[in-house]
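Spelled out, the chains give:
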Amino acid sequence: MSPKHFCESFYSALLDFPNLVGHLEIDGSGHAKVVVDQNNHYIPEFKESLSNVHFQELQASKFSWDALPEEASSKCVVNTTDTSGDIKPENAHIVRLLNNSVIVLFVSVAHYVVAGIRY
């Protein structure tokens, strides 16, 4: 799957969860809030990388975190700003394993983006 097609498909799926296409803003009291603007959806930026780990290695390790490529891990990811300076509500990282044996998608969503919402 091409990166462009993957990103378009992922964005289409996000539309079912409006807060994930909203923009994070800090109000006057310093609290973060999600603002969903129907004319200006947030489109996630994707990090994409290649790995020298093959899917069979990952499977043989019973999908252990230690077997995943170091650059793939979304552990300890904090929200950052995108190229426009807006706070990103989610981070997405696509990792293509060796020989395109599989694509691993890591998505890290800020807790306050979905707090109090039931899907």
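Fair warning: this is a prediction, and the values are worked out from it, not measured in the lab.

Peer 1: Explain the pairing of strand β2 (residues 32–35) to me, and be specific about the residues and the numbers.
Peer 2: Strand residues, when the strand is regular, have side chains that alternate between the two faces of the sheet. As judged from the four bridges shared by strand β1 (residues 23–26) and β2, these two strands associate in the antiparallel manner. Within the sheet, the bridge partner assigned to E25 lies in β2 and is K33. Where β1 folds back on β2, the antiparallel hairpin that results is connected by five residues, among which G30 adopts a positive phi of roughly 90°.

Peer 1: Quick one: what's the story with the sheet that holds strand β4 (residues 90–96), residue by residue and with numbers?
Peer 2: Within the open sheet, the three strands sit side by side as β3-β4-β5. Their pairing is mixed. Here the strands that pair on one side only, and so sit at the sheet edges, are β3 (46–50) and β5 (103–109). The sheet shows a mean angle of 15° between the axes of neighbouring strands, taken without regard to direction. Sheet topology places β3 next to β4; five bridges connect them, and they run parallel. What sits directly across from S49, in β4, is V95.

Peer 1: Tell me about the pattern of salt bridges, and please be specific about residues and values.
Peer 2: According to the stated counting rule, one finds one salt bridge in the structure shown. Across the pair R96 and E48 runs a salt bridge whose closest N-O atoms are separated by 2.6 Å. Taken as a pair, R96 in strand β4 and E48 in strand β3 lie far apart in primary sequence, 48 residues in all.

Peer 1: Can you tell me about the nonpolar core, naming the residues and giving the values?
Peer 2: Ranked by size, the top nonpolar core spans eight residues in total: F10, L14, L20, V21, L24, A92, A110 and V113. Not counting the four nearest positions on each side in its chain, V113 is found in contact with N19, L20, L24, V34 and P89. Grouped together as the second largest cluster of nonpolar side chains are six residues, L68, L97, V104 and F106 included.

Peer 1: Before we move on, could you go through the packing of aromatic side chains and cite the residues and values that matter?
Peer 2: Using the criterion set out here, one finds one aromatic pair in the structure. Measuring from centroid to centroid gives 5.9 Å for F55 and F63, while their planes differ by 50°, and the two rings are tilted. The exposure class assigned to F55 is partly exposed, which follows from its relative accessible area of 25%.

Peer 1: So what's going on with the confidence of the model for the protein? Residues and values would help.
Peer 2: Across the protein, the average pLDDT comes to 79, with 87% of residues at 70 or higher. Here helix α3 (residues 111–114) stands out as the element of the protein with the lowest mean pLDDT, 76, in contrast to helix α2 (residues 55–60), whose mean of 90 is the highest.

Peer 1: Give a detailed account of unusual backbone geometry, specifying residues and quantitative values.
Peer 2: Positive phi values are uncommon outside glycine, yet N99 reaches one of about 60°. Along the chain, N99 turns up in the loop between β4 and β5. By relative accessible area, N99 is classed as exposed at 64%. Of note in the backbone geometry, N100 takes a positive phi value of approximately 55° without being a glycine. By relative accessible area, which is 53% here, N100 ends up exposed.

Parameters and conventions
- Residues numbered from 1 in each chain as written.
- Predicted model: local features only at pLDDT ≥ 70, side-chain atom pairs only at ≥ 80, totals over all residues.
- Heavy atoms only, no water.
- Pairing = 2+ DSSP bridges.
- Helix = DSSP H or I, 4+ residues; strand = E, 2+ residues; numbered from the N terminus.
- Axes fitted to C-alpha atoms, helices over the stretch in contact; angles between N-to-C directions.
- Salt bridge = Lys/Arg side-chain N within 4 Å of Asp/Glu carboxyl O.
- Core = buried A, V, L, I, M, F, W, Y, C linked by side-chain atoms within 4.5 Å.
- Buried < 20%, exposed > 50% of the residue type's maximum accessible area, 1.4 Å probe, protein only.
- Contact = heavy atoms within 4.5 Å.
- Phe/Tyr/Trp six-rings, centres within 6.5 Å; stacked < 30°, edge-to-face > 60°.
- pLDDT = per-residue confidence, 0-100.

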